[in-house]
Amino acid sequence: MGKLKQVADGVWVRQSDWVWSNSIVVRGEDGLVLIDPGIDGSELDQLADDVDGLGIPVVAGFCTHPHWDHLLWHSRFGDVPRYATTAAADVAGQARERAQAMAAESASGVPLDLVALVAPLPADGGAVPGQVIEHQAHAVGHASVLLADRGVLLVGDMLSDVLIPLFDARQDDQVGAYESALDRLAEAAGQADVVVPGHGSVAEGREVAARFAAERAYIDALRRGDDPVDARLGPHADWLARPHRANMEQARGR
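Criteria and cut-off values
Residues numbered from 1 in each chain as written. Predicted model: local features only at pLDDT ≥ 70, side-chain atom pairs only at ≥ 80, totals over all residues. Heavy atoms only, no water. Helix = DSSP H or I, 4+ residues; strand = E, 2+ residues; numbered from the N terminus. Rg over C-alpha atoms; globule rule 2.2 N^0.38 Å. Buried < 20%, exposed > 50% of the residue type's maximum accessible area, 1.4 Å probe, protein only. Contact = heavy atoms within 4.5 Å. Lys, Arg positive; Asp, Glu negative; His and termini not counted. Charge placed at Lys NZ, Arg CZ, Asp CG, Glu CD. Pairing = 2+ DSSP bridges. Axes fitted to C-alpha atoms, helices over the stretch in contact; angles between N-to-C directions. Phe/Tyr/Trp six-rings, centres within 6.5 Å; stacked < 30°, edge-to-face > 60°. Core = buried A, V, L, I, M, F, W, Y, C linked by side-chain atoms within 4.5 Å. Salt bridge = Lys/Arg side-chain N within 4 Å of Asp/Glu carboxyl O. 1 Å grid on protein atoms, 1.4 Å probe; cavity = no way out; pocket = protein on both sides within 12 Å on 5 of 7 lines; lining within 4 Å. Points joined across faces, edges and corners; volume = space filled by probe spheres on them. Nonpolar A, V, L, I, M, F, W, Y, C, P; charged D, E, K, R; others polar. Polar contact = N/O pair within 3.5 Å; in protein donor to acceptor, adjacent residues only side chain to side chain.

K.L.:
Requested: an account of the overall build of the protein, with residues and values cited.
P.N.:
Within the protein, the regular secondary structure consists of six helices and 12 strands. For the protein, whose C-alpha radius of gyration is 17 Å, the value lies close to the compact-globule estimate of 18 Å for 254 residues. With the principal axes as the frame, the protein shows a C-alpha extent of 50 × 40 × 35 Å. Of all 254 residues assigned to the protein, the portion counted as buried reaches 55%. For the protein, restricting intrachain contacts to residue pairs at least 6 apart in sequence, the fraction spanning at least 24 positions comes to 63%. Counting 21 positive and 38 negative side-chain charges, the protein places the averaged centre of each group 4 Å from the other.

K.L.:
Talk me through the sheet that holds strand β6 (residues 82-84); I want residue IDs and the actual numbers.
P.N.:
Strand order in the open sheet made by the seven strands is β1-β2-β3-β4-β5-β6-β7, with mixed pairing throughout. Among the strands making up the open sheet, the edge pair consists of β1 (5-8) and β7 (119-120). Of the strand pairs in this sheet, strand β5 (residues 58-62) and β6 are connected by two bridges, and their pairing is parallel. Of the residues in β6, the one forming a bridge with G61 is R82. Across the sheet, helix α1 (residues 41-54) touches β2 (11-15), β3 (22-27), β4 (32-35) and β5, and the angle it forms with β2 is around 155°.

K.L.:
Which residues make up the packing of aromatic side chains, and what values go with them?
P.N.:
Counted under the stated rule, the structure contains three aromatic pairs. Summarising the aromatic geometry, the rings of W18 and W68 are spaced 5.1 Å apart at their centres and angled 70° between planes, so their arrangement reads as edge-to-face. Remark: W68 occurs in the loop between β5 and β6 and W18 occurs in the loop between β2 and β3; sequence separation between them is 50 residues. Plain terms: the ring middles of W73 and F77 are 5.0 Å apart, the flat faces sit at 75° to each other, and that makes the pair edge-to-face.

K.L.:
Requested: an account of the nonpolar core, with residues and values cited.
P.N.:
Core analysis: the biggest nonpolar cluster contains 32 residues, and L153, V155, M158, L159, V195, F212 and L240 have the highest contact counts within it. Residue contributions to this core peak at eight residues, all from helix α4 (residues 174-189). When sequence neighbours within four positions are dropped, the list of residues in contact with L159 reads L182, V195, P197, R211, F212 and E215. Grouped together as the second largest cluster of nonpolar side chains are 20 residues, Y83, L121, V128 and V194 included.

K.L.:
Provide a residue-level description of the pattern of salt bridges, including the pertinent values.
P.N.:
Inspection of every chain in the model, using the stated rule, returns 15 salt bridges. As a salt-bridge pair, D9 and R27 come within 3.1 Å of each other at their nearest N and O atoms. On the criterion of sequence distance, the pair formed by D9 in the loop between β1 and β2 and R27 in strand β3 is long-range, its members being 18 residues apart. We classify R27 as partly exposed; its relative accessible area is 29%. For the salt bridge of D45 with R76, the shortest nitrogen-to-oxygen distance reads 2.7 Å. Taken together, the positions of D45 in helix α1 and R76 in the loop between β5 and β6 put the pair 31 residues apart, joining distant regions of the chain. For D45, a relative accessible area of 30% translates into the label partly exposed. The network of salt bridges with common partners includes D45, D49, D52 and R76.

K.L.:
How would you explain empty space enclosed by the protein if you had to name every residue and give the values?
P.N.:
Summed over all chains, the structure comprises three cavities of 30 Å³ or more. In this structure, the largest cavity spans a volume of roughly 60 Å³. Considering the residues around the largest cavity, the lining is formed by 13 residues, among which F62, C63, L72, W73 and R82 are closest to the centre. For the lining of the largest cavity, the elements supplying multiple residues, two or more each, are β5 and β6. Residue classes in the lining of the largest cavity are distributed as nine nonpolar, two polar and two charged.

K.L.:
How would you summarise the side chain of R82 if you had to cite specific residues and measurements?
P.N.:
Looking at the secondary structure, you find R82 in strand β6. The buried charged residue R82 lacks any salt bridge partner; its closest oppositely charged side chain belongs to D79, at an N-O distance of 7.8 Å. In this structure the side chain of R82 is engaged in a polar contact, spanning 2.6 Å, whose partner is the backbone oxygen of L114.

K.L.:
Go over the sheet that holds strand β8 (residues 131-135) with me, naming the residues and quoting the values.
P.N.:
Pairing is mixed across the open sheet formed by five strands, whose spatial order is β8-β9-β10-β11-β12. Each edge of the open sheet carries a strand with a single partner, namely β8 and β12 (203-204). Both strand β9 (residues 142-147) and strand β10 (residues 152-156) contribute to a ladder of three bridges, which runs antiparallel. Bridged to V145 within β10 is L154.

Following this line, the structure appears as structure tokens:
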């Protein structure tokens, strides 16, 4: 959809046509770290062009959680370490064939041999800058990254303006997991002016608080047993109806 856009010092975002997915480039001490690059082969190639234009080498990759669209890579990014939290890396390794099949079905030209090749993030964070905040909302081992020195919070598949909270069917009590995750992210957001979700537009200033309010309103409604009223749902987003029903069923213990 466009070239890399700088959203803060040493932080760039490129958005895909596919579900408004955001590829994130972060300058670390030793070079660039690519977070959740995607989504199809041509866009990965264009992202590589943009990265080449920065004139800084790629030294690592990081995936925020083990869903196929966050486990992609391109040979032009280099044969560098690619990380996830330990829990997310374990899931990615176990479900690699499924992730490859989903990538082949949903995106064209993806280098399937490079899908889901992630290792556990070292205790010292390796080349990944900032503070990694792990939680269990949306996916096992989901991670956000706080770049406090730049006032940026990278949140993976949380705090989107186009996606409702999407529960992980494999984990119990996703309502509780989301409540806990939002509390932790809200604390981190106290050090950030910019929030970058995995899908949707970048939030800045007052919009950050609005994102938290929308997420909490949705989750609070499920906690009460109500059907949430949410601007992200409706005829413009028919494809969200099914996961929305699944969320309600899980919340009601069905």
